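Chain and residue survey
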Amino acid sequence: MATPREIDVKRRTLMAATVATAAVGAVASRAGAQVPAAGPPASSNAAAPTTKVSFIVNGKARDLALDTRTTLLDALREGLHLGGTKKGCDHGQCGACTVILDGRRINSCLTLAVMHEGSKITTIEGLGTPDKLHPMQAAFVKHDGYQCGYCTPGQICSAVAVLAEIEAGIPSHVTADLNGKPPLDDAELRERMSGNICRCGAYSNIVEAIGEVAGRKA
Amino acid sequence: MKPFTYERAASPAEAARAAADRPDARFIAGGTNLLDLMKLQIETPDHLIDVNGLGLDRIEETPDGGLRIGALVRNTDLAADARVRRDHAVLSRALLAGASGQLRNRATTAGNLLQRTRCPYFYDTNMACNKRRPGSGCSALGGYSRQLAVVGGSEACIATHPSDMAVAMRVLDATVETVKPTVKPEGARRTIPIADFHRLPGDTPEIETVLEPGELITAVTLPKPAGGTHHYLKVRDRASYAFALVSVAAIVQPDGSGRVALGGVAPKPWRREDAEAEMSRGAKPVMAKLLAGAKPTEENKFKLPLAERALAAVLAEAKG
Ligand SMILES: Cc1cc2nc3c(=O)[nH]c(=O)nc-3n(C[C@H](O)[C@H](O)[C@H](O)COP(=O)(O)OP(=O)(O)OC[C@H]3O[C@@H](n4cnc5c(N)ncnc54)[C@H](O)[C@@H]3O)c2cc1C
Ligand code: SF4
């Protein structure tokens, strides 16, 4: 009989698989075709080369010896057991793997862990704790900025970085005046968050949550 | 992914030398295209040379009033640079129309120029594709070709170059600077006009640029500002985060003359200086020359009127 822990793991594995398929289906439809096909699984090789890397994750120094193929995402999840960062499409299309690297949001699935010697990485676990939520986490809860929750850690990391990007004056595709300060309106938030796909379609609540945090800041 | 060894290069010339010594080595910059392709085993390098630590991440002014953009400058930083926004706005606009905020934070100037096609058959390792497996045939000819090239393609390949940035670089007359491995430790430098950088497929679609084995891009240089109003109009299947069906990069001068290059229609950013002589007469005569000799498929012939209308919209915007 399965122990509760096993059931939990199975449920999560199943969920991950379902969401991965959904995300790829959504983004890589033939018409959208960012990437049409899923690839063969990574081949395992006992003699695969390893490299050492040290970086700081959520304020803690971490030293790892990794198969060079390990993505930053897999290093966080499998190596450091920080399961908050999610694997959706694994091809940079869905944004579920978004983390903040040296102050900037990135897709942790499309970068190798060994490329980040000395970097500072913040994951959803490093933004806040269940007792002391980051304002963006609290706003997502308040505004129901999710349903299944799978994309949420990536959405929240992305949203925190988006507000910093606007603050820093970085323009977006919808910024009318390239030389002015970008406005903090819904159109800007939607455009800037377009790299985070939500299959439940919680988009309007996500924009409300981010808007509230931005308003409090102003 | 296939196993590979990894090294951090110490200087541009050493990186070039290391790559020349190992034919199956690749440089890795942002990794956003290379790793995507390695996961699918479309790229299978046995060695990666990380070029992120080479100090090629600065934007400097050149003596003639232009900008020298390091190969490792991130797309976000290039788009946000105050000088680029003010003097080369078409480049900021093109960059901001591409990919997502997360991807632009990693993607580099050189990596963006060298990103590979998004042809669906290039990605599907079960299908014939001359670019992925030379000599295997082209599944797109007679297949699903909606996104693919209408001009500049060949019997062997009709893939498009997917970059938005490269289209703006073409209209700005950018120059690519490289270092090639030689017997001398410092290597040999050369500069390549962007117009000559990407190759047309002919019967070797797997060779996409004029870069030689081991040749490393060190910078992309822009000449002094072109003036005029700058435009980048990208037409795609959704409002954000999708590759172009057609894109128009244009610089229009107050007298109506100007420059135009197209994305999404050809194997490289598509510009013909003779077409630009027609700019003040409107979109139709420009497109007649720019897309002369086009051979669209049944599925992508919509790109011809779409390109003309996109340019008409840009010219109307330029008039204000
Ligand atoms: C989901 C998704 C959506 C995207 N949408 C768009 C879009 O709408 N528009 C768009 O234009 N792009 C888009 N892109 C592509 C993106 O712009 C490219 O992946 C990125 O620009 C590649 O840069 P990089 O530094 O990550 O390159 P890498 O992946 O590191 O490298 C790419 C290639 O360049 C070579 N290389 C890198 N640096 C050098 C150098 N200095 N000298 C010689 N060779 C070098 C590498 O060996 C490799 O072959 C999208 C990508 C994804 C994943
Ligand atoms: S168009 Fe080019 S990339 Fe696409 S299947 Fe044909 S050969 Fe391959």
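Secondary structure summary: chain B contains 13 helices and 11 strands in total. Taken over the C-alpha trace, chain B has a radius of gyration of 19 Å; the compact-globule value for 320 residues is 20 Å, and the two agree within 12%. Taken along the three principal axes of its C-alpha coordinates, chain B extends 55 × 50 × 35 Å. Counting every position in chain B, which comprises 320 residues, the buried fraction comes to 59%. Restricting to contacts in chain B with at least 6 residues of sequence separation, those with at least 24 account for 62%.

This part takes up the domain arrangement of chain A. All names here are of chain A. Domain boundaries in chain A define domain 1 (49-126) and domain 2 (128-218). The partner domain 2 presents 16 residues to the 16 residues of domain 1 that form the contact. Buried surface at the junction of domain 1 and domain 2, summed over both partners, amounts to about 1,300 Å²; 54% is from carbon and sulfur atoms. Inspection of the region where domain 1 meets domain 2 yields one salt bridge. Among the salt bridges present, the one from Glu-165 reaches Arg-105, with a minimum N-O distance of 2.9 Å. In this assembly, domain 1 and domain 2 are joined by eight residue pairs in polar contact (both at pLDDT 80 or more). The set of elements that each furnish at least two residues to the side of domain 1 that touches domain 2 consists of strand 3 (98-101) and helix 3 (124-127). For the side of domain 1 that touches domain 2, a count of residues per class yields five nonpolar, seven polar and four charged.

Moving on, we come to the packing of aromatic side chains. Residue and element names in this part refer to chain B. Applying the stated criterion across every chain, the model contains one aromatic pair over all chains. With a centroid separation of 5.9 Å and 85° between ring planes, the pair formed by Phe-122 and Tyr-123 is classed as edge-to-face. Each member of the pair, Phe-122 as well as Tyr-123, carries the same accessibility label: buried.

To continue, consider the sheet that holds strand 5 (residues 67-70) of chain B. All names here are of chain B. Spatial ordering of the open sheet is given by 4-5-8-6-7, a layout of five strands whose pairing is antiparallel. Single-partner strands in this sheet number two, and they are strand 4 (59-61) and strand 7 (188-193). When strand polarity is set aside, the average angle formed by the axes of neighbouring strands in this sheet is 25°. Seen against the sheet, helix 1 (residues 12-21) touches strand 6 (175-180) and strand 8 (216-222) and runs at an angle of roughly 70° to strand 6.

As a further point, take the side chain of A:Lys86. All names here are of chain A. Tracing the chain through its elements places Lys-86 in the loop between helix 2 (72-79) and strand 3. There is no salt bridge for the buried Lys-86, and the closest opposite charge comes from Glu-125, which lies 6.7 Å off by N-O distance. Looking at Lys-86, its side chain comes within polar contact range of the main-chain oxygen of Gly-83, at 2.7 Å. Within polar-contact distance, the side chain of Lys-86 engages the backbone oxygen of Gly-84 at 3.2 Å.

If you check the shell around ligand 1, you find 36 residues, and the closest are B:Phe27, B:Gly31, B:Thr32, B:Leu34 and B:Thr108. Ligand 1 sits at a junction of chains, with neighbouring residues supplied by chains A and B. At a separation of 2.7 Å, an oxygen atom of ligand 1 approaches a polar side-chain atom of B:Thr108. One of the side-chain N or O atoms of B:Asp164 is found 2.8 Å from a nitrogen atom in ligand 1. The protein chains hide 96% of the 990 Å² of surface that ligand 1 would expose on its own. Contributing elements (two or more residues each) for the shell around ligand 1: strand 2 (25-28), helix 7 (109-114) and strand 8 of chain B. A total of four residues in the shell around ligand 1 trace back to one element, the largest contributor, which is helix 7 of chain B.

Moving on: the nonpolar core. In terms of nonpolar packing, the biggest core is built from 52 residues, with B:Leu78, B:Leu91, B:Leu113 and B:Met169 touching the most fellow members. Among residues more than four places away in sequence, those in contact with B:Leu113 are B:His161, B:Met165, B:Ala166, B:Val176, B:Ile194, B:Phe197, B:His198, B:Ile217 and B:Val220. In terms of nonpolar packing, the next biggest core, distinct from the first, is built from 24 residues, A:Cys151, A:Ile166, A:Ile206 and A:Val207 among them.

Right, let's get into the site of ligand 2. Contacts to ligand 2 come from 13 residues, most closely from B:Cys119, B:Cys129, B:Cys138, B:Cys157 and B:Ile158. Residues that form the shell around ligand 2 fall into these classes: 10 nonpolar, two polar and one charged.

Before going further, it helps to examine the pattern of salt bridges. Residues and elements named next belong to chain B. Taken as a whole and judged by the stated rule, the model has 35 salt bridges over all chains. Between Glu-276 and Arg-271 there is a salt bridge; the shortest N-O distance is 2.7 Å. Its relative accessible area of 9% is what places Arg-271 among the buried residues. A cluster of three or more residues bridged by salt bridges with shared partners is formed by Arg-170, Asp-173, Arg-259, Arg-271, Glu-273 and Glu-276.

This brings us to the interface of chain B and chain A. Counting residues at the interface gives 53 residues for chain B, matched by 62 residues for chain A. Where chain B abuts chain A, roughly 4,500 Å² becomes buried across the two surfaces, and 54% of that area is made up of carbon and sulfur atoms. For the pair chain B and chain A, the interface holds two salt bridges. Among the ionic pairs, B:Lys39 bridges to A:Asp90, the shortest N-O distance being 2.9 Å. At the boundary of chain B and chain A, one finds 22 residue pairs in polar contact (both at pLDDT 80 or more). Mapped onto the side of chain B that touches chain A, the elements with two or more residues apiece are strand 1 (5-8), helix 2 (34-39), strand 3 (47-50), helix 3 (75-80), helix 4 (82-87), helix 5 (89-96), helix 6 (101-106) and helix 8 (120-123) of chain B. Take the side of chain B that touches chain A: its biggest share by element is five residues, from helix 6 of chain B. In terms of residue class, the side of chain B that touches chain A is made up of 23 nonpolar, 14 polar and 16 charged.

Quick notes on the rules
Residues numbered from 1 in each chain as written. Chains lettered and ligands numbered in written order. Predicted model: local features only at pLDDT ≥ 70, side-chain atom pairs only at ≥ 80, totals over all residues. Heavy atoms only, no water. Helix = DSSP H or I, 4+ residues; strand = E, 2+ residues; numbered from the N terminus. Rg over C-alpha atoms; globule rule 2.2 N^0.38 Å. Buried < 20%, exposed > 50% of the residue type's maximum accessible area, 1.4 Å probe, protein only. Contact = heavy atoms within 4.5 Å. Domains from an automatic or database assignment. Buried area = accessible area lost by both parts, 1.4 Å probe. Salt bridge = Lys/Arg side-chain N within 4 Å of Asp/Glu carboxyl O. Polar contact = N/O pair within 3.5 Å; in protein donor to acceptor, adjacent residues only side chain to side chain. Nonpolar A, V, L, I, M, F, W, Y, C, P; charged D, E, K, R; others polar. Phe/Tyr/Trp six-rings, centres within 6.5 Å; stacked < 30°, edge-to-face > 60°. Pairing = 2+ DSSP bridges. Axes fitted to C-alpha atoms, helices over the stretch in contact; angles between N-to-C directions. Lys, Arg positive; Asp, Glu negative; His and termini not counted. Near = heavy atom within 4 Å. Areas by Shrake-Rupley, 256 points an atom, 1.4 Å probe, with all protein chains shown as cover. Core = buried A, V, L, I, M, F, W, Y, C linked by side-chain atoms within 4.5 Å.

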